[in-house]
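Notes for the structure review
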Amino acid sequence: MRSSVPLLFAAGLVTGLTAALTVPGQAQEPKAATGAPQPGSPTAEAPVPGSETRIAVLYRPVPAPSSYDAEADPEDLGVAGARMAVKDNNTTGRFTKQTFALDEVALEEGQNPVEAAKAVADKGVRFFVLALPAAEVLAVSDALKDTGAVVLNAGAPDDRLRGADCRANLFHVLPSRAMQTDALAQYLTLMRWRKVFLITGPTERDKAYADAMRNSARKFGLKITAEKPWTFGPLAKARGDTPTRAEAMVFTRGLDYDMAVVADEEGDWGDYVSFRTVDPRPVAGTQGLIATTWHPTLETWGAAQAQNRFRRLAGRLMRPLDYQVWAAVRTVGEAATQTRSTDPAVLAAHLVKPEFSLPAYKGVSLTYRPWDHQLRQPIIVVQPKAMVSVAPEQGFIHQRTPLDTLGADEPETACKLR
């Protein structure tokens, strides 16, 4: 086993390390989350005037559903987080006389994001936050390479963007799929639920999540005792009963497993599986017990304050994409404040230094990995109505930081920044 793969301590040793590992890193976040720089910092000692920093957010507005859907995404999904982040940036920027503004680029259906990004870059904007799929993130990053722009990925969890397709000008705010499934696998390991039944949907995204789950199972010593593709269609969205439903109810017959893990990133059928297995077994993965960046039930480490501010601003609850875009815009603001610069080259270099930190309501200031530009962060494990745990779990250790037990470690990465 590679030295980079974390080890689970024996119960007695875990107890002894509780104080150090309950939340990896610092016990709480710096005060600079939404206010003044900390005493003694360069920004506190010598505020200097700065020019306005413009940050562009490229996203596709969510179309309204054709019929009633209680779970429909809001039209301002993601961009609402950017609006709150700009307010936070300007609050902190008062102390360095820096100001920040937002360019909201709502892409119409069929509109080329590369052309839209170039048009904004031609106006002098050098910071871009993308809430777009992986292929478009990669295309925009390559198109802006020669402009010196810094691109922050807030919407694509694809591992390849942190691996073979990584880019020097691209930073990843949301966790990769590997980080998400590692967080879930750590919890299953901690609970000793080691036998997994993996159910995979038909889309490429579903298959990518399933691949990540297989890798996490190997990494943490779980056993996938059964695998099946889901072939019954979008039953979670169906109305009424059908023969197909009856067939799906016996889908799990004759299997030996502790946890059913569903790979349904489209949300078409994963919610159907719970309470319809032959044997009483919990469900996790993309539905049921999930690993995510943000959830309405997160209230610790000042998160309740952020939840309330967001609700006042947007008139709704904060969703994971809102948080991820917020963190991306705040990354620019924090780097600009810490360096007292608006130069994208200066900020990009600062992001991967140990001196950079992003207070983000996770109990520890977040940092970027220099080898693949992924934001290190605790990942919350939640069920629909309650937070269950926080990864990295107690007892999973790493020579650098417990946060690096989630996702691809430096010896494992396929990333060669260029």
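Reading the values: the criteria
Residues numbered from 1 in each chain as written. Predicted model: local features only at pLDDT ≥ 70, side-chain atom pairs only at ≥ 80, totals over all residues. Heavy atoms only, no water. Core = buried A, V, L, I, M, F, W, Y, C linked by side-chain atoms within 4.5 Å. Buried < 20%, exposed > 50% of the residue type's maximum accessible area, 1.4 Å probe, protein only. Helix = DSSP H or I, 4+ residues; strand = E, 2+ residues; numbered from the N terminus. Contact = heavy atoms within 4.5 Å. Pairing = 2+ DSSP bridges. Axes fitted to C-alpha atoms, helices over the stretch in contact; angles between N-to-C directions. Disulfide = S-S within 2.5 Å. Expected span 1.5 Å × (residues − 1). pLDDT = per-residue confidence, 0-100. Patch = residues over 30% accessible without salt bridge, like charges linked within 9 Å, V, L, I, M, F, W, Y side chains within 5 Å. Areas by Shrake-Rupley, 256 points an atom, 1.4 Å probe, with all protein chains shown as cover. Salt bridge = Lys/Arg side-chain N within 4 Å of Asp/Glu carboxyl O. Parallel < 35°, antiparallel > 145°, perpendicular 65-115°, else oblique. Nonpolar A, V, L, I, M, F, W, Y, C, P; charged D, E, K, R; others polar. Left-handed = near helix turned anticlockwise from the far one by under 90°.

Some points on the nonpolar core
- Grouped together as the largest cluster of nonpolar side chains are 49 residues, with contacts concentrated most on Val 129, Leu 152, Val 325, Trp 326 and Val 329.
- At 10 residues, helix α12 (residues 320-339) tops the list of elements feeding residues into this core.
- With sequence-adjacent residues up to four places away left out, Val 325 is seen in contact with Val 57, Gly 78, Ala 82, Val 129, Ala 131 and Ala 154.
- Among the nonpolar cores identified, the runner-up in size contains 23 residues, and Ala 56, Ala 117, Phe 128 and Leu 144 belong to it.

Here we look at the sheet that holds strand β7 (residues 223-229)
- Pairing in this open sheet of four strands is parallel, and the strands run β7-β6-β8-β9 from one edge to the other. The open sheet has two free edges, formed respectively by β7 and β9 (283-285), since each of these has just one partner strand. Put simply, the sheet's adjacent strands are angled 30° from each other on average, direction ignored.
- Along the sheet face, helix α8 (residues 204-220) touches β6 (195-200), β7, β8 (259-263) and β9 and points at about 165° away from the line of β6.

Here's the deal with the state of the cysteines
- As enumerated under the stated definition, the model contains one disulfide in all.
- With its sulfur 2.1 Å from that of its partner, Cys 166 forms a disulfide with Cys 415. Residues Cys 166 and Cys 415 are joined through a disulfide that is right-handed, its torsion about the S-S bond being 95°. Pair noted here: Cys 166 is in the loop between β4 (150-153) and β5 (170-172) and Cys 415 is in the segment after β12 (386-391), with a separation of 249 residues, a long-range link.

Digging into helix α11 (residues 303-314)
- With 12 residues, α11 should cover 16 Å at 1.5 Å per step; its first-to-last C-alpha distance of 16 Å lies within 8% of that length.
- Within the span of α11, buried status applies to Ala 303, Ala 306, Gln 307, Arg 309 and Phe 310.
- The elements touched by buried residues of α11 are α4 (79-93) and α12.
- Immediately downstream of α11, the backbone of Gly 315 shows phi near 75°, a positive value.

Points about the side chain of Ser 341
- Considering the arrangement of structural elements, one finds Ser 341 in the loop between α12 and α13 (344-351).
- The exposure class assigned to Ser 341 is buried, which follows from its relative accessible area of 15%.
- In contact with Ser 341, other than residues within four places in its own chain, are Gln 98, Ala 336, Val 346 and Leu 347.

Examining the confidence of the model for the chain
- Considering every residue of the chain, the mean pLDDT works out to 89; 87% of them sit at 70 or more.
- Residue range residues 1-50 is modelled with pLDDT below 50. Its contacts to residues more than four positions away, or to other chains, number 100 contacts.

Describing the sheet that holds β5
- The sheet built from five strands is open, its strands ordered β2-β1-β3-β4-β5 with parallel pairing. Each having just a single partner strand, β2 (99-106) and β5 make up the two edges of the open sheet. Neighbour-to-neighbour, the strand axes of the sheet open up by a mean angle of 25°, direction not taken into account.
- Direction of pairing for strand β1 (residues 52-59) relative to strand β3 (residues 127-131): parallel, over a ladder of five bridges. Looking across to β3, one finds that Tyr 59 is bridged to Ala 131.

A few points about a nonpolar patch on the surface
- There is a patch of nonpolar side chains on the surface, built from Met 249, Val 250 and Val 278 and spanning about 230 Å² of accessible area.
- Along the polypeptide, Val 278 turns up in the loop between α10 (270-273) and β9.

A closer look at the packing of α12 against α13
- Packing of α12 against α13 leaves a shortest axis separation of 9 Å and a crossing angle of 100°. As summarised for this structure, α12 and α13 are arranged roughly perpendicular, according to the angle between their axes. Residues Thr 331, Val 332, Ala 335, Ala 336, Gln 338 and Thr 339 of α12 lie in contact with α13, whose contacting residues are Val 346, Leu 347, His 350 and Leu 351.
- Residue classes in the contact of α12 with α13 are distributed as six nonpolar, four polar and no charged.

Describing the side chain of Arg 376
- Take Arg 376: it is sitting in the loop between α13 and β11 (379-383).
- Excluding residues that lie within four positions of it along the chain, Arg 376 makes contacts with Leu 366, Thr 367, Tyr 368, Arg 369, Pro 370, Trp 371, Arg 400, Thr 401, Leu 403 and Asp 404.

Notes on unusual backbone geometry
- The omega angle of the peptide bond from Ala 391 to Pro 392 is 10°, so this bond is cis rather than trans.
- Summarising the element assignment, Pro 392 is placed in the segment after β12.
- If you check the backbone angles, Arg 340 has positive phi at about 55° while not being a glycine.
- Here Arg 340 lies in the loop between α12 and α13.
- We note that Tyr 361 has phi near 60°; this positive angle belongs to a residue other than glycine.
- Looking at the secondary structure, you find Tyr 361 in the loop between α13 and β11.

Quick word on the packing of α4 against α11
- Two elements in contact, α4 and α11, have axes whose closest approach is 10 Å; the angle formed by their N-to-C orientations is 115°. In this view, α4 runs roughly perpendicular relative to α11, as classed from their interaxial angle. Crossing of α4 against α11: the hand is right-handed. Two secondary-structure elements touch here, α4 through Ala 80, Gly 81, Arg 83, Met 84, Lys 87 and Asp 88 and α11 through Ala 306, Arg 309, Phe 310, Leu 313 and Ala 314.
- Along the lines of polarity and charge, the residues of the contact of α4 with α11 split into six nonpolar, one polar and four charged.

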